[in-house]
Amino acid sequence: MGIGSTLMAGIGLGDPVIRLGVTGLSRAGKTVFITSLVANLMDRGRMHALRAAADGSIKAAWLQPQPDDTIPRFDFERHLAALTGPEPHWPEGTRHVSQLRLSLRLDGRGLLGGLTGPRTVHLDIVDYPGEWLLDLRLMEKDFSEWSAEVLDRMQGRPGAEEYQAALNGLDGDRFDEPVAQRLAQTYTAHLHAAREAGWSDCTPGRFLIPGEMEGSPALTFAPLPASFEGGRLHKEFRRRFDAYKSRVVKPFFRDHFARIDRQVVLVDVLGAIHQGPRAVEDMRRAMADILTAFRPGRAGWLAQLLGTRRVERILFAATKADHLHQVQHNRLTAILSAMLREARDRADFSGARTEAMSIAALRATTEDVIHQDGQELPAVRGRLLDGRQAAFYPGELPADPAAVLHPARDGADRWLDGDYAIMNFAPAPMTARPGDGPPHIRLDRAAEFLIGDRL
Amino acid sequence: MEMVTRLVGRPPSKLTRFFINSGVALFTFLLSIAALNFINDLLTRYPVLGWIGVGLFALFTLAALGMAWREYRAWARFARIDAIQRQAGAALAEDSLDKARAVADGLVALYRDRPELEWHRKRLADNRGDAFDARTLLTMGETELLAQLDQDARREIEAAARTVAAATALIPLALADVAAALAANLRMIRRMAEIYGGRAGAVGGWRLARTVITHLVATGAVAAGDDLVETIAGGGILSKVSRRFGEGVVNGALTARVGIAAMEVCRPLPFIAQPRPKVGNLVTRGLRGLFGSDERG
Ligand SMILES: Nc1nc2c(ncn2[C@@H]2O[C@H](COP(=O)(O)OP(=O)(O)OP(=O)(O)O)[C@@H](O)[C@H]2O)c(=O)[nH]1
Ligand SMILES: [Mg+2]
């Protein structure tokens, strides 16, 4: 891998490629991250902590036709225009896979650089709907296990009763397509409702965002209780479930995650805290499961796909840090670290380098101070979605991450000591100096950690 | 050269210092009384000469006060750099952006009246809003304000290394070369202070030299043996050709070490992203041309 590909490149067998895997649940900020990273690598004026950019060894950066002809190109220009245009707004949720290749022309410095002369490094990035990531957890389950788990988890979530009602009075020995479709639709409606309410563990992910597979049999099944086992309906659904795994989930991960060298795990910690302890615990579990599947050196199905290849560096990033004044960033990072503790230890143990930080791919706010009851509160100021300007203090994050994670684990309904609020800020209109990319928080440090050593 | 460092660097014991201090106090006291007596006598016997004596005495006191003021100013300047250094260390250790911002402010204030850094100050002011980490902000400050000064300092060290090497190799008198080396080193240390914004007065300069040498001893950099010669391009051959030339190279290298130590003492920030100069590079560049090795450079 590392040395191998460098050697190959050295003797003229193709330029080195860095495959960056962007991992994150829905709304974690993947699309914004990719857009801003690419924009900031093309205009490097704000990448002070990326050494290769600061010392000028990156001579040029440009977008190339991606290596994979069958996948749509990541619509970088449209997303960038959305974020930085005259009426800045956030891009819509992603609905299909797309890919981008950014090529960097490097004029090496130092001893080796002088020897090798100018060289080119490609950075390949894939964007996809975050919902699909959850399907990783399906791979190790069979239909009965999955059904039992999902039906159990469903209790008390919106849309659960409707689905139970649809199951009642169903004849398990008969199978006909309209019934199957009705069941699948009711179940999908439940998934949508649950996600609206802030649950993140909604599987199968393609039910939420079907892409081009909408209506196909592989997406027409639903969980069935154990009492249906042995019936025709159960058999057919199990077959479709298996098809879903082998024809939909597996190819997706094989094509896009099997060969990554660097991984960034984006987590919207602030959003989860804002929604309450339930959402935090839910997100923690979902992330832990997902990252377990990536566990290097593991004899699992994904590991078989990954082969001996290993992710060398993993960055855990709490996104949207621009909602917080910088004095609180360390606490946010601490909460993130505690939340993904297991995954990080595992990665460390397997020899990957890991780091955790709080970032904002696109800084939509400026720092401010609110005077309230004779106190000075470190706040942020930004433009709300309706265009008004507002200064905003989100509340103080606890210094000890346990204060967030424990109530979450114990299933508390709400935070004991006060609320953490989040406001939705729109991207700020900017007047960039020439050569500057979009404003960000620590995107340069993230880039330095992820790809800096290969530049 | 090793003698120089030993001479300057040895910290006097408490008793010795007490002895010297009390001695100086006694001497000054006696001298003042003698002078007063003398002027008193003079006033009674030759009033005109006496008044001249009083005038001269007053002038001298004034001059002494002026010197003291200058020393104080120099000392205050050092104290400022020292404070920035410590704050920077704390900011990096705690990753505190607030402290780093204070450091950046201190740096800008320190170099406020350097017109050649005007453009860099402006860039720093423009860009510092992008930094959200102590490290990133300090790197920015280092790159903008110190990178250029580092180059000046590097050239200064190279020149001093060259002088010392030449003096050792060429001055045949036993102690004269030591004196020349000492002078070149002290000058270099003073220049370091000036480049990085300190001002070395007479006493301050001596103290600074002491600090540098202590730093050097603490980091174990004086224990330079013959192996140093080998590390320097051509040194191995040179020392075989001529013992004195070999010694010259060693002393040049030691001077470079003193120079780097002086840099570290006088530089308001630790080396973060900018490279710390290396003895080998400094000496090779410094001695280039001196011993006719420039073709290989
Ligand atoms: N303030 C702020 N908000 C952000 C930032 N990044 C993302 N967001 C918010 O998070 C939302 C989701 O970001 P996306 O990048 O679309 O998320 P995604 O991971 O691509 O989501 P899917 O495409 O649904 O998987 C955006 O609409 C913004 O409201 C950021 O850096 N700062
Ligand atoms: Mg997206």
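Residues numbered from 1 in each chain as written. Chains lettered and ligands numbered in written order. Predicted model: local features only at pLDDT ≥ 70, side-chain atom pairs only at ≥ 80, totals over all residues. Heavy atoms only, no water.

Our next topic: the domain arrangement of chain A. All names here are of chain A. For chain A, the domain assignment lists domain 1 (17-128 + 256-364 + 431-454) and domain 2 (140-251). Domain 1 puts 14 residues into the contact, and the matching count from domain 2 is 13 residues. One can count 0 salt bridges joining domain 1 with domain 2. Taken together, the links from domain 1 to domain 2 amount to 0 residue pairs in polar contact (both at pLDDT 80 or more). Elements represented by at least two residues in the side of domain 1 that touches domain 2 include exactly helix 12 (277-293) and helix 13 (301-306). Top contributing element to the side of domain 1 that touches domain 2 by residue count: helix 12, with 6 residues. Of the residues in the side of domain 1 that touches domain 2, the class split is 6 nonpolar, 3 polar and 5 charged. (Domains from an automatic or database assignment. Contact = heavy atoms within 4.5 Å. Salt bridge = Lys/Arg side-chain N within 4 Å of Asp/Glu carboxyl O. Polar contact = N/O pair within 3.5 Å; in protein donor to acceptor, adjacent residues only side chain to side chain. Helix = DSSP H or I, 4+ residues; strand = E, 2+ residues; numbered from the N terminus. Nonpolar A, V, L, I, M, F, W, Y, C, P; charged D, E, K, R; others polar.)

With that out of the way, let us pick up the interface of chain A and chain B. Of the residues lining the interface, 15 residues belong to chain A; the matching set on chain B comes to 13 residues. With both chains or domains summed, chain A and chain B bury close to 1200 Å², and 41% of this area falls on carbon and sulfur atoms. Considering only the surface of chain A that becomes buried against chain B, His48, Gln326 and Arg433 of chain A emerge as the three largest contributors, covering 41% of it. Summed over the shared surface of chain A and chain B, the result is 5 salt bridges. Among the ionic pairs, arginine 363 of chain A bridges to aspartate 130 of chain B, the shortest N-O distance being 3.2 Å. Counting the contacts that link chain A with chain B gives 8 residue pairs in polar contact (both at pLDDT 80 or more). Mapped by element, the contributors of at least two residues to the side of chain A that touches chain B are helix 14 (329-339) and helix 17 (443-451) of chain A. (Buried area = accessible area lost by both parts, 1.4 Å probe.)

The subject of this paragraph is the site of ligand 1. All names here are of chain A. Near ligand 1 you find 20 residues, and of these Lys30, Thr31, Val32, Thr94 and Gly130 are the closest. At 3.4 Å from an oxygen atom of ligand 1 is found a side-chain nitrogen or oxygen belonging to serine 26. Arginine 27 places a polar main-chain atom, nitrogen or oxygen, 3.0 Å from an oxygen atom of ligand 1. Burial of ligand 1 by the protein chains amounts to 95% of its free accessible area of 650 Å². In terms of residue class, the shell around ligand 1 is built from 9 nonpolar, 7 polar and 4 charged. (Near = heavy atom within 4 Å. Areas by Shrake-Rupley, 256 points an atom, 1.4 Å probe, with all protein chains shown as cover.)

This next bit is on the coordination of the magnesium ion (ligand 2). Residues and elements named next belong to chain A. The magnesium ion (ligand 2) binds to the protein through Thr31 (OG1) and Thr94 (OG1); the donor distances cover 1.9 to 2.0 Å. Of this pair, threonine 31 sits in helix 2 (residues 30-42) while threonine 94 is found in the loop between helix 4 (76-84) and strand 3 (98-107), placing the two residues 63 residues apart along the sequence. The class for threonine 94 is buried, based on a relative accessible area of 17%. (Donors = N, O, S within 2.8 Å, 3.2 Å for Na, K, Ca; no water. Buried < 20%, exposed > 50% of the residue type's maximum accessible area, 1.4 Å probe, protein only.)

In this structure the tally under the stated criterion is 46 salt bridges over all chains. Between aspartate 201 of chain A and arginine 157 of chain A there is a salt bridge, with its nearest N and O atoms 3.1 Å apart. In this pair, aspartate 201 of chain A is assigned in the loop between helix 8 (177-196) and helix 9 (205-208) and arginine 157 of chain A in the loop between helix 6 (143-154) and helix 7 (160-167), connecting sequence segments 44 residues apart. Across the pair, arginine 157 of chain A and aspartate 201 of chain A agree in class, each one buried. A salt bridge links arginine 155 of chain B to aspartate 152 of chain B; its shortest N-O distance comes to 3.0 Å. Here arginine 155 of chain B and its partner aspartate 152 of chain B are both found in helix 6 (residues 134-170), 3 residues apart, which amounts to about one turn of the helix. Taking relative accessible area as the criterion, aspartate 152 of chain B reaches 29% and is therefore assigned partly exposed. Taken together, the shared-partner salt bridges connect Lys141, Glu149, Arg153, Arg157 and Asp201 of chain A into one network.

Scanning the entire structure with this criterion turns up 19 aromatic pairs over all chains. Aromatic side chains tryptophan 146 of chain A and phenylalanine 221 of chain A sit 5.8 Å apart centroid to centroid with 65 degrees between the ring planes, which places their arrangement in the edge-to-face category. Placement of the pair is tryptophan 146 of chain A in helix 6 and phenylalanine 221 of chain A in the loop between helix 9 and helix 10 (232-257), with a sequence separation of 75 residues. Overall, the relative accessible area of 1% leaves tryptophan 146 of chain A in the buried class. Measuring from ring centre to ring centre gives 5.7 Å for tryptophan 69 of chain B and tyrosine 72 of chain B, while their planes differ by 25 degrees; the resulting arrangement is stacked. Taken as a pair, tryptophan 69 of chain B and tyrosine 72 of chain B lie in helix 3 (residues 47-94) at a separation of 3 residues, close to a single helical turn. (Phe/Tyr/Trp six-rings, centres within 6.5 Å; stacked < 30°, edge-to-face > 60°.)

Residue and element names in this part refer to chain A. The 7 strands are arranged 2-3-4-1-5-6-7 in an open sheet whose pairing can be described as mixed. Two strands lie at the open edges of the sheet, namely strand 2 (58-64) and strand 7 (353-358), each paired on one side alone. The sheet shows a mean angle of 20 degrees between the axes of neighbouring strands, direction not considered. Across 4 bridges, the pairing between strand 1 (residues 17-24) and strand 4 (residues 118-127) is parallel. In the strand pairing of strand 4, valine 17 is matched with histidine 122. In the packing of helix 14 onto the sheet, contacts are made with strand 5 (262-267), strand 6 (313-318) and strand 7, and the angle to strand 7 comes to roughly 135 degrees. (Pairing = 2+ DSSP bridges. Axes fitted to C-alpha atoms, helices over the stretch in contact; angles between N-to-C directions.)

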